[in-house]
Amino acid sequence: MTERMHTTMESHPDILAMRERFVLAERATATRQGQAVEALALVTGLYMAASPWIAGFNGFSTLAVNNLIAGIAYALLMSGFGHAYERTHARAWGAALIGVWMIISPWVVAGNVATTRTIVSNVVVGAVGLLLALAAGAAAERTGGRNRAAGMIGR
């Protein structure tokens, strides 16, 4: 039979690495840039989701459902990026893809939905979403890239 040892958190072998990740997450969310990107991304995602009703093209049900789903996904990916610090880079790339999708969706979604109203709304919000996602990814890389490389050298 195997014997289980009960240890405290202080004796965990990766405690220093876990503390460093926590400090990096706190540093990422404590900056004004990090807070601004997170707040603007949340507002952008909410606008993406509500844009068919705000801009007045909710009659195009395929594009309305597309924007609703993409907006919710974008807001979930980009909100709280400091708390999921290790996954920020991947989440930012996923959000960037949603931004690109929003730009091209009026021409790709089924039905004749490419009107001036849908194109302007989706292109503008898609471009803003793409820029915010790239800013979040760059902030994650700047804050943690050097520390992760230094941690790998020490192993």
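The text that follows walks through the structure, step by step, so that each part is easy to find.

What counts, and where the lines are drawn
Residues numbered from 1 in each chain as written. Predicted model: local features only at pLDDT ≥ 70, side-chain atom pairs only at ≥ 80, totals over all residues. Heavy atoms only, no water. Helix = DSSP H or I, 4+ residues; strand = E, 2+ residues; numbered from the N terminus. Buried < 20%, exposed > 50% of the residue type's maximum accessible area, 1.4 Å probe, protein only. Contact = heavy atoms within 4.5 Å. Areas by Shrake-Rupley, 256 points an atom, 1.4 Å probe, with all protein chains shown as cover. Bend = angle between axes of the 7 residues up to and from the residue. Core = buried A, V, L, I, M, F, W, Y, C linked by side-chain atoms within 4.5 Å.

**Some words on the overall build of the protein**
No. 1: Tallying secondary structure elements over the protein gives five helices and zero strands in all.
No. 2: Tracing the protein from N to C terminus, the helices and strands come up as α-α-α-α-α.
No. 3: Evaluated residue by residue, the protein yields a buried proportion of 37% over its 155 residues.
No. 4: Within the protein, contacts between residues at least 6 apart in sequence are counted, and of these 65% link residues at least 24 apart.
No. 5: As displayed, the protein offers around 9500 Å² of accessible surface, 66% of which is attributable to carbon and sulfur atoms.

**Thoughts on helix α2 (residues 32-55)**
No. 1: Its axis deflected by about 55 degrees at Ala49, α2 carries its strongest bend there, up to four residues before the proline Pro52.
No. 2: Inspection of α2 places Gly34, Val37, Ala41, Thr44, Gly45, Met48, Ala49, Ser51, Pro52 and Ala55 among the buried residues, and these make up the whole buried set.
No. 3: Directly beyond the C-terminal end of α2, a positive phi value near 85 degrees is found at Gly56.

**Thoughts on the nonpolar core**
For soluble globular proteins, the rule of thumb is that nonpolar side chains tend to be buried together.
No. 1: Counting residues in each nonpolar core, the largest one holds 15 residues, and the members touching the most others are Met48, Tyr74, Met78, Ile98, Met102 and Ala133.
No. 2: Taken together, the elements giving at least two residues each to this core come down to α2, α3 (61-78), α4 (88-108) and α5 (116-153).
No. 3: By residue number, the principal contributor to this core is α4, which donates five residues.
No. 4: Those residues within four positions of Ile98 in sequence are excluded, and the remaining contacts are Met48, Ala70, Ala73, Tyr74 and Leu77.

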